[in-house]
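Each chain is listed here by its residues.
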Amino acid sequence: MIGEIFTLVLLNPLVNLLVLLSHGLFGSFGAAIIAFTLLIRAVTFPLTLRQIHATRTMQALQPRISEVNKKYSDPKRRQEEVMKLYREAGANPLSCIGPFFLQIPVFIALYSAIRIALPNSPEALEKLSGHIYSWSYLQHALPLSERFLGIDLRSNGDASIAGYVFVVLVGLTTWAQSKTTITTATDDKARAQQQMMNVMLPLMFAFFALSFPLGVSLYWVVNSVAQIAFNILTYGLPAFGIEPVVKARTAPLALSAAAPAPEAAAPTSARELRTANGSGRSKRQNRRRRPE
Amino acid sequence: MNFRRAAILAMALLLLPLLSSCVKVFNPVGWAPVAFDGDSAYVVTSKGHLSALKLDGDSATASWTFPDKNRSDDKKLELKAIYGAPVFDGDRLYLASFHGGVFALRKDDGRPVWPASGDNASKIEGDIPGGVALSGDNVYFGTTEGHVYGWKKSDGTPAAGWEKPKTFDGGVWATPVVVGDTLFVATMKGDLHAISLADGSEKWKFSASGAIADLARISEEYLFVPSINRHLYVIRTADGSVAGDFEAGDWVWTTPAVSGNKVFFGDFGGKVYGLDITATGVTPTWSQPASVKGERVKAGAAIVDDVVVVADRSPTVTFISAADGSVLNAVPLTDGDTVRADVVARDGEAYLVTTDGKLFRADPKQRRVIEITINGVKK
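Since we're looking at a predicted model, the values are computed, not measured. (Residues numbered from 1 in each chain as written. Chains lettered and ligands numbered in written order. Predicted model: local features only at pLDDT ≥ 70, side-chain atom pairs only at ≥ 80, totals over all residues. Heavy atoms only, no water.)

Caption draft 1: Representation of the pattern of salt bridges in the model. All names here are of chain B. Taken as a whole and assessed by the stated rule, the structure comprises 24 salt bridges over all chains. Notably, a salt bridge pairs aspartate 181 with lysine 203, separated by 3.1 Å at the nearest N-O pair. A residue pair is termed long-range when its members are at least 10 positions apart, and aspartate 181 in the loop between strand S13 (177-179) and strand S14 (182-186) and lysine 203 in strand S16 (residues 202-207) qualify at 22 residues. Taking the relative accessible area as the measure of exposure, aspartate 181 reaches 44% and is therefore partly exposed. (Salt bridge = Lys/Arg side-chain N within 4 Å of Asp/Glu carboxyl O. Helix = DSSP H or I, 4+ residues; strand = E, 2+ residues; numbered from the N terminus. Buried < 20%, exposed > 50% of the residue type's maximum accessible area, 1.4 Å probe, protein only.)

Caption draft 2: Representation of helix H4 (residues 75-89) of chain A. Residues and elements named next belong to chain A. Its 15 residues place the ends of H4 21 Å apart at the C-alpha level, agreeing with the 21 Å of an ideal helix rising 1.5 Å per residue. Within the span of H4, buried status applies to Glu81, Val82, Leu85, Tyr86 and Ala89. Down the axis of H4, the buried side of the element spans an arc of 145 degrees, and every buried residue falls inside it. In H4, the exposed positions angled more than 90 degrees off the buried face are occupied by Lys76, Gln79 and Arg87. (Expected span 1.5 Å × (residues − 1). Arc of directions from axis to C-beta.)

Caption draft 3: Summary view of the sheet that holds strand S27 (residues 307-311) of chain B. Residue and element names in this part refer to chain B. Pairing is antiparallel across the open sheet formed by four strands, whose spatial order is S26-S27-S28-S29. The open sheet has two edge strands with one neighbour each: strand S26 (302-304) and strand S29 (327-332). Averaged over all pairs of adjacent strands, the angle between strand axes in this sheet comes to 20 degrees, irrespective of strand direction. Bridge count between strand S28 (residues 316-321) and S29: five bridges; the pairing is antiparallel. Paired with phenylalanine 319 across the bridge in S29 is asparagine 329. (Pairing = 2+ DSSP bridges. Axes fitted to C-alpha atoms, helices over the stretch in contact; angles between N-to-C directions.)

Caption draft 4: Quick look at the pairing of strand S31 (residues 349-353) of chain B. Residues and elements named next belong to chain B. For S31, a buried count of five out of five residues is recorded, marking the element as mostly surrounded by other parts of the structure. Burial of S31 is two-sided: the residues Glu349, Tyr351 and Val353 facing one way and the residues Ala350 and Leu352 facing the other way are all buried. With three bridges connecting them, strand S30 (residues 344-346) and S31 associate as antiparallel partners. Bridging from a neighbouring strand, valine 344 pairs with tyrosine 351 of S31. In this structure, the hairpin formed by S31 and strand S32 (residues 359-363) is closed by a connection of five residues, where glycine 357 is found at a positive phi of approximately 80 degrees.

In structure tokens form, the structure reads like this:
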């Protein structure tokens, strides 16, 4: 039942969209994957922007949440106070991961769609007939070419030299994505954990890429590059003196009025966004600066 | 990317194979039909394994199986799948495999004449999703990479004029067809090429509107050219002109049952059509196509005593009157996998093989289907 819904609602439209794009892009399935990825990024842009703002709001709240955590020992009361803070600030913790959740079914569907749209056997092409809509434009497009820039998009990452290049690219772009992404880490432990993840995640995804079709890895790389570009636009790149193009939305007035740490509540530079406490400062230092 | 998101994504990636397992992707299995030579039947009894059977009523006994895993020289052979029926010539049969190359086997014991040991896949670029065609001293076959090879039947070396394979734009999935001195090659790009066997030159080319995955000879005059974009072309062998362009309800990827100037075939939407071929074009034999309840028909039909025998993927064997298209009986095969291999007519009956290597005999007179028990297959 779930499989049928998944196929009907997500997989079939995706397979047909990829075939459509491929036919429109001179029969290049690789170009279709790139176009599809950029299309998905464009469609989810408002969600991504909302996620950025939500993350910034959450980040601004971190010092006050720390205060609440210290002030109240009763977990229930603590949770109530934190939720109150969220309400006052108009923040929703789940909104930070909304677009991210959206990406997971798309990724799973794409993984399946690539295996279906690029059949590796006559039986698989026969099966494809059950996924393709009856529009003649789509019917004429089949079978799709599995080659893109000389590589076989059906093959796994560990099947060729080109595959290993993609594995490295997956790792590199995931690392770059992590490095350019805002963080809400508030203490040394969290920062250490974050740094560890910045190394572990690219390695982990590169490992997964070994067993993924190269078409999926292509999607991952293009998606990561698009995210990196988006991150630079919104956070800037201080190491190269690049200022953010999309300015941060300031925290709500109610929150700002009571905000104990102005630099955390309304961060103005990318470097300050890296940690809620400001670059190189601890929570304790921040608390000392806070007006009584 | 923070820790929480990373953890969710990592979990999703770990679950990916599980979640996507609801989308089954098919590996090569093969759909070679049963082939008869004398009193022997040749059946793909398991994936990538051909067996010679002696038929005896409702049972059959295997005299040999190739590759024979009990033999040390066959242990490394990995044919993966067999899509085309073996073709017989003298005391040999010629067999194309999807991934293991082409073999000339002795009919009596199933041992290779060539290659002497191992396979010849390294001499072939691409996989072979069809069978072989014989003409004169040569054997011809096509590959997924768009190459057509012409090898000597005697020793499996390239024939004169075929030192290099002929290369086409698009994979060659359909078994090449020989009519007279012309080799017909269909491509997944949608082209049908007529190649002179005398000098290797191209006589003509016909371009269909979709990929051509199958190809069959109707007569000396006509070819059956199905396209996966629902069109079925009847092409004149002489000049490549279109004698008929029929639009089916769904993909046509099969070979037809031929009876005089009539052809019968099924489509992927579960419809079975009859067409009359005349000098002026093609016209439907029946007022309505026959139906096999919407089940995909990949297997080629057979015609026996004015009854069209069709096997679909469910799998069900349907007996259809060739005269008016009425369904005479439908017999589900309860003990077999799906049917993709062509149904073959022989001695007033029709034979079919399932993808799991079971052999059935359909009796058009009694409108019943009987499984033929196969014994002695080495697996």
